[in-house]
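What the coordinates show
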Amino acid sequence: MMADTGQHVAIIMDGNGRWAEQRGQPRLVGHHAGAKRIREIVEACPAVGVKYLTIFAFSTENWKRTQSEVSGLMRLFKRYIRRESQNLVDDGVRVRFIGDRINLNEQLASTMDELELVTADNKRVNLTIALNYGGRDEVTRAVQRLAREIEQQRLTAKEVSAKVLAGFLDTHFLPDPDLVIRTSGEARISNFLLWQSAYAEYEFIETLWPDFNSEEFSQLVLKFRTRERRYGAVL
Ligand code: IPE
Ligand code: IPE
Ligand code: MG
């Protein structure tokens with residue numbers, strides 16, 4: 001069994017709205033403050049041995065929010081990508097997106113494609129951004145693609161294994177997360193990495209996302225390394 005190095009950490013960045021409300025500010029102010037926290041966490045990864053960082057930016061359920069919050073978030077994503085692009089290249093960060101791009105604004109989708117392209121050769125940290133991502137939606141889309149392969153007789157039903165199915169998921173290029181952190185005190189996973197987190201360790205912490213910092217992140221990663229993972233066996 002592989003050593004528990006905690007090489008893949010995934011974060012549900014929650015609490016932006018409450019952070020803003022506590023300050024009597026509109027929710028979008030919280031989203032802007034939240035976006036600013038990402039760079040510090042990404043830059044903290046190499047020192048604590050995290051090779052893969054996956055962050056939940058927008059869920060397939062977040063379309064239920066007001067139109068002004070949704071469009072503000074979409075504008076923020078586009079601006080964030082443009083603004084951070086050079087910095088991510090300089091930091092050796094490879095960025096990839098997971099989630100369904102079909103419902104995204106064309107301009108946003110093309111900035112996402114561009115960022116993936118310009119960072120494709122980077123190797124220091126792998127940053128995966130989940131945007132319009134939902135675990136059930138991802139599995140559904142994977143099964144649709146898989147069914148198409150069977151229809152076209154490139155695959156038989158019998159050949160479908162967990163490994164084959166995982167290869168059809170958006171995360172096919174990622175190892176499973178070792179540690180999933182959720183900020184803001186909510187102890188639920190809200191449709192994040194359902195398949196991939198089967199044996200992940202969880203940390204639900206009180207800090208609101210815009211207050212999260214590299215110190216707390218590093219502490220959580222170091223704490224993770226002291227846990228014993230059994231994967232159903234007796235060790
Ligand atoms: C997380 O913060 C960011 C997104 C879901 C886009 P929230 O906006 O959910 O903040 P709270 O939970 O309302 O405080
Ligand atoms: C999960 O947070 C999604 C993201 C962090 C992008 P939500 O705030 O949308 O989750 P719920 O609604 O509290 O379950
Ligand atoms: Mg929330």
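Quick caveat, the model's predicted, so the values are computed rather than measured.

What to know about the overall build of the protein chain
- Counting its regular elements, the protein chain contains seven helices and six strands.
- Helices and strands appear in the protein chain in the N-to-C order β-α-α-β-α-β-α-β-α-α-β-β-α.
- The C-alpha atoms of the protein chain give a radius of gyration of 18 Å, which matches the 18 Å a tight globule of 235 residues would have.
- Seen along its three principal axes, the alpha-carbon backbone of the protein chain occupies a region of about 55 × 45 × 35 Å.
- Counting only carbon and sulfur atoms, one obtains 50% of the accessible surface of the protein chain, whose full area is about 12300 Å².
- Charge-centre separation for the protein chain: the mean point of 33 positive side chains lies 1 Å from the mean point of 32 negative side chains.

Considering the site of ligand 2
- Around ligand 2 sit Ile12, Met13, Asp14, Phe56, Ala57, Phe58, Asn62, Arg65, Arg182, Arg188 and Ser190, and those are all the residues in its vicinity.
- In the environment of ligand 2, an oxygen atom lies 2.9 Å from a nitrogen or oxygen atom belonging to the side chain of Asn62.
- Between an oxygen atom of ligand 2 and a side-chain N or O atom of Arg182, the distance comes to 3.2 Å.
- Burial of ligand 2 by the surrounding chains reaches 78%, relative to a free accessible area of 390 Å².
- No other element matches strand 2 (residues 52-59), which puts three residues into the shell around ligand 2.
- Within the shell around ligand 2, the residues separate by chemical class into five nonpolar, two polar and four charged.

About the cut-offs
Residues numbered from 1 in each chain as written. Chains lettered and ligands numbered in written order. Predicted model: local features only at pLDDT ≥ 70, side-chain atom pairs only at ≥ 80, totals over all residues. Heavy atoms only, no water. Helix = DSSP H or I, 4+ residues; strand = E, 2+ residues; numbered from the N terminus. Rg over C-alpha atoms; globule rule 2.2 N^0.38 Å. Areas by Shrake-Rupley, 256 points an atom, 1.4 Å probe, with all protein chains shown as cover. Lys, Arg positive; Asp, Glu negative; His and termini not counted. Charge placed at Lys NZ, Arg CZ, Asp CG, Glu CD. Near = heavy atom within 4 Å. Polar contact = N/O pair within 3.5 Å; in protein donor to acceptor, adjacent residues only side chain to side chain. Nonpolar A, V, L, I, M, F, W, Y, C, P; charged D, E, K, R; others polar.

Function cannot be read off these values alone, since they describe shape.
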